[in-house]
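Summary of structural features
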Amino acid sequence: MSGTAPVAPLAAVPGLTAHHQPCPGAITGFVFICPGRFEAQRGYPCAAGTGANLARALAELHRRDAVRFASPHRADYVVTNAWPQVEYPALTGRSVPTVAEVLQPANLERLAAELAGLRWVVACGAQAHAAVRALRDAGRLTADIACERHLSQRSINSIRAGADTAGRIAHWCAAVLQQFSPGVENAPQIVA
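Every chain is numbered independently, its residues counted from 1 as its sequence is written. Per-residue local features of the predicted model are confined to residues with pLDDT of at least 70, and side-chain atom pairs are confined, for both listing and counting, to 80 or more; whole-chain, interface and lining totals are unaffected and use all residues. To get the side-chain values, take all heavy atoms of the structure and skip hydrogens and water.

**A look at the packing of helix α5 (residues 105–115) against helix α6 (residues 126–137)**
The axes of two packed helices give the description: the angle between them and the distance between them. Note on method: axes are straight lines fitted to C-alpha atoms, helices fitted across the in-contact stretch only, with angles between N-to-C directions ranging 0 to 180 degrees. In this description a helix means any DSSP run of H or I spanning at least four residues, a strand means any run of E spanning at least two, and both kinds are numbered starting from the N terminus. It is at 10 Å that the axes of α5 and α6 come closest, and there the two elements cross at 80 degrees. Classed by the angle they form, the pair α5 and α6 counts as roughly perpendicular. Counted together, L108, L111, A112 and L115 of α5 and A131, A134 and L135 of α6 form the full contact between these two elements. Of the residues in the contact of α5 with α6, the class split is 7 nonpolar, no polar and no charged. Between 65 and 115 degrees an angle is taken as roughly perpendicular, under 35 as roughly parallel, over 145 as roughly antiparallel, and anywhere else as oblique. Note on contacts: a residue pair qualifies if any of its non-hydrogen atoms lie within 4.5 Å across the two residues. Here the term charged refers only to Asp, Glu, Lys and Arg, the term nonpolar to Ala, Val, Leu, Ile, Met, Phe, Trp, Tyr, Cys and Pro, and the term polar to all other amino acids, Gly among them.

Laid out in structure tokens, this is it:
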């Protein structure tokens, strides 16, 4: 974990792709739906607005629960997607895969390998929820999971609580934390 050390640029992460940011030794990870145009351009998952909202959420999650979210830096987490293929209308005619595609055995095999060893996983968006639940139900994911809306700005703006992005993300973070099992050893009280 980086703690107070400088954060390496994402481009320096070994194995980094547009759909997957590995982090050997991580205990928590995030699953989004699929990479899009900005991820393809920048070469890492959760670029642009979704990445900015992930950074905001990590700061808040770390402040509220430093056991599960031991760092405020995204490089200290596995960040991946339920579907590895880049999807955006100008390229593929759509922005997300179908749930049936996400649930294909080969795709679930890939995702299970990317999430192996994690204790906590946050699934962001309907296709990510479906994939993570399928892995859990098949006994291929033992992590405690939370399923919450996507962190795109459009999705965050649809949260009725909070007067601005920061308030809506704080609400999103509270919803994530409420879904995790309470019996974490040495877990601090969750800060409101």
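On we go from here.
**Points about the sheet that holds strand β4 (residues 144–148)**
Only strands that DSSP links by at least two bridges are regarded as paired with each other. Taken together, 4 strands build an open sheet; the order of strands is β2-β1-β3-β4 and the sheet is parallel. Looking at which strands have only one partner, the edges of the open sheet turn out to be β2 (78–81) and β4. Across the sheet, the axes of successive neighbouring strands diverge by a mean angle of 20 degrees, strand direction being ignored. In the sheet, strand β1 (residues 28–32) pairs with β2 via 4 bridges, with the strands oriented parallel. Along β2, the bridge assignment pairs G29 with V78.

**A short note on the environment of A113**
Of note, A113 is situated in helix α5. When its relative accessible area of 57% is taken as the criterion, A113 is described as exposed. Exposure classes here rest on a 1.4 Å probe applied to the protein chains alone. A residue is buried below 20% of its type maximum, exposed above 50%, and partly exposed in between.

**Observations concerning the state of the cysteines**
Cysteine sulfur atoms that pair up within 2.5 Å are treated as a disulfide. Per the stated rule, a full pass over the model turns up 0 disulfides. The structure places no disulfide on C46, whose sulfur is separated from the nearest cysteine sulfur, that of C124, by 7.3 Å. Of the residues examined, C46 reaches a relative accessible area of 4% and is grouped as buried.

**Some remarks on the packing of helix α2 (residues 48–64) against helix α8 (residues 165–179)**
For the pair α2 and α8, the least separation of the axes is 9 Å and the interaxial angle reads 55 degrees. By the angle between their directions, the pair α2 and α8 is classed as oblique. Along this stretch, α2 crosses α8, giving a crossing that reads as right-handed. Contacts between α2 and α8 involve N53, R56, A57, E60, L61 and R64 from the first element and T165, I169, A170, W172, C173, A174, V176 and L177 from the second. A class-by-class count of the residues in the contact of α2 with α8 yields 9 nonpolar, 2 polar and 3 charged. What makes a crossing left-handed is the near helix being turned counterclockwise from the far one by less than a right angle; a clockwise turn instead makes it right-handed.

**Some remarks on the packing of aromatic side chains**
Under the pairing criterion, centres of Phe, Tyr and Trp rings, with the six-membered ring standing for Trp, must be within 6.5 Å; the plane angle then separates stacked pairs below 30 degrees from edge-to-face pairs above 60, leaving the rest tilted. Per the counting criterion, the structure on display carries 5 aromatic pairs. On the basis of an interplanar angle of 45 degrees and a centroid distance of 6.2 Å, the ring pair of F30 and F69 is categorised as tilted. Note that F30 is positioned in strand β1 and F69 in the loop between α2 and β2, a separation of 39 residues in sequence. Neither residue differs from the other here; F30 and F69 are each classed as buried. For the ring pair F69 and F180, a centre distance of 6.3 Å and an interplane angle of 50 degrees mean the geometry is tilted. With a gap of 111 residues between them, F69 in the loop between α2 and β2 and F180 in the segment after α8 connect regions that are remote in the sequence. Taking the relative accessible area as the measure of exposure, F69 reaches 0% and is therefore buried. Accessibility expressed as a relative area gives 5% for F180, which makes it buried. Among the aromatic residues, ring-to-ring pairing joins F30, F32, F69, Y77 and F180 into one connected group. Any Lys NZ or Arg CZ found within 6 Å of a ring centre and within 35 degrees of that ring's normal is scored as a charge over the ring. When the ring centre of F38 is taken as reference, the NZ or CZ atom of R37 above it lies at 4.3 Å.

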